[in-house]
Amino acid sequence: MKELKTDALWLHLHWLTVLAEQGSFTRAAERLEVSKAAMSQKIKQLEQMAGVALVQRTTRSVRLTSAGEKLVEDLREPFSQIAQSFFSVRDSSGPLRGLVRVTAPVAFARQQLVSHITRFLRQHPQVRVQLEVSDRLVSLASEGFDLAIRHSNSIPETHVALPLCDTRALLVASPAYLAQYGEPQTPADLQQHHCLYYPRGVELPRWHFVPDAGDGEQVTVGVSGPFATNNSESIRDAALDGLGIAMLPDFSAQAALADGRLRVILPQWRAVSAFADRLWIVRPYTAQVPRAVTEFSHWLRAAFAAE
């Protein structure tokens, strides 16, 4: 390749590294905020200039050839250093700006997170937040997310985790259900009720309780009911319709409890092992974090701490 053309390579090479990271032309184009056609054309041009295939294409994904893998590996550290230097200079002064890509659980995002994001964006109009709501635990690095909100007791050691807020599991039911079937007075009474639950394999669930005062042994109760799903909002909606007693994370039940559509059952008992007891802000470890990502994380923690 003629030396005079090397200055035209940098954009092509950068797009190749993003393609390798994202694993598909569609996701890479979204990350770069370009069209899929433009993304494909750049890679074709790079292959023509290199004189060798760099990408193996399939209908669902892409995979680098050995030449492509070697090229991306050689480029990873230099491009990382360039990005870190640029962000350091850009973020050192002036208004907060940039794109923050976030993934969060569906129920928490819809009921708690979005309202906080909108207030943050009003204060920082040059920042953009792209939120993906999913109960799937995505790979932050490979899918291009800057942050994740995780409802988990297990955080990978390769990530930085900041506590966002504590949560607890609540046992709730609608007034209509309680009027028809009565209110349980002990955990053992739940065996006589319709219970709505997260499925854990093929076995019927077992709910675990300890006295809320903290001085007593754990009680385990096998429960059953007409409906199970892996989404807390769906369980909440079934409880609102009077279908049964539901075990929910507090953020899924908060609004319905506040307006009386649901009531807390067995308040003298605390459910354990049903859900994680804390929400975290998680990000991949990197030496240089964009200022918008850092400020957004700090703002969220302050906002939830004030509630």
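So, here's what we can say about the structure. (Residues numbered from 1 in each chain as written. Predicted model: local features only at pLDDT ≥ 70, side-chain atom pairs only at ≥ 80, totals over all residues. Heavy atoms only, no water.)

Quick look at the environment of R63
Examined against the element boundaries, R63 turns out to sit in strand β2 (residues 62-64). Residue classification places R63 among the exposed residues on the basis of a relative accessible area of 52%. Measuring from C-alpha to C-alpha, the distance between R63 and Y198 comes to 37 Å, with 135 residues separating the pair along the chain. With residues near it in sequence (within four places) discarded, R63 still touches V55 and Q56. Of note is the side chain of R63, whose polar atom sits 2.6 Å from the side chain of Q56. (Helix = DSSP H or I, 4+ residues; strand = E, 2+ residues; numbered from the N terminus. Buried < 20%, exposed > 50% of the residue type's maximum accessible area, 1.4 Å probe, protein only. Contact = heavy atoms within 4.5 Å. Polar contact = N/O pair within 3.5 Å; in protein donor to acceptor, adjacent residues only side chain to side chain.)

Overview of unusual backbone geometry
Despite not being glycine, L266 shows a phi value in the positive range, around 50 degrees. Take L266: it is sitting in the loop between β13 (263-264) and β14 (269-272). Phi at S273 takes a positive value of approximately 65 degrees, unusual for a residue other than glycine. Mapped onto the elements, S273 comes out in the loop between β14 and β15 (278-284). Given the relative accessible area of 66%, S273 is considered exposed.

Let's talk about the sheet that holds β14
If you walk across this open sheet you meet the three strands as β10-β9-β14, and the pairing is antiparallel. At either end of the open sheet lies a strand with only one pairing partner, and these are β10 (219-222) and β14. The mean inter-strand angle of the sheet, taken between neighbouring strand axes irrespective of direction, is 35 degrees. Direction of pairing for strand β9 (residues 206-211) relative to β14: antiparallel, over a ladder of four bridges. For H208, the partnering residue across the bridge sits in β14 and is V272. (Pairing = 2+ DSSP bridges. Axes fitted to C-alpha atoms, helices over the stretch in contact; angles between N-to-C directions.)

Some thoughts on helix α9 (residues 250-258)
Along α9, the residues that are buried comprise F251, S252, A253 and A256. Buried residues along α9 sit in contact with α5 (106-123), β5 (147-151), β7 (169-173), α8 (232-240), β12 (245-249) and β15. Positive phi shows up at G260, right after α9, with a value of about 85 degrees.

Structural notes on the pattern of salt bridges
A complete count under the given rule lists 10 salt bridges for this structure. R110 serves as the salt-bridge partner of E233, at 2.8 Å between the closest nitrogen and oxygen. Linking E233 in helix α8 with R110 in helix α5, this pair joins segments that are 123 residues apart in sequence. Overall, the relative accessible area of 7% leaves E233 in the buried class. Among the salt bridges present, the one from D237 reaches R236, with a minimum N-O distance of 2.9 Å. The exposure class assigned to D237 is partly exposed, which follows from its relative accessible area of 34%. (Salt bridge = Lys/Arg side-chain N within 4 Å of Asp/Glu carboxyl O.)

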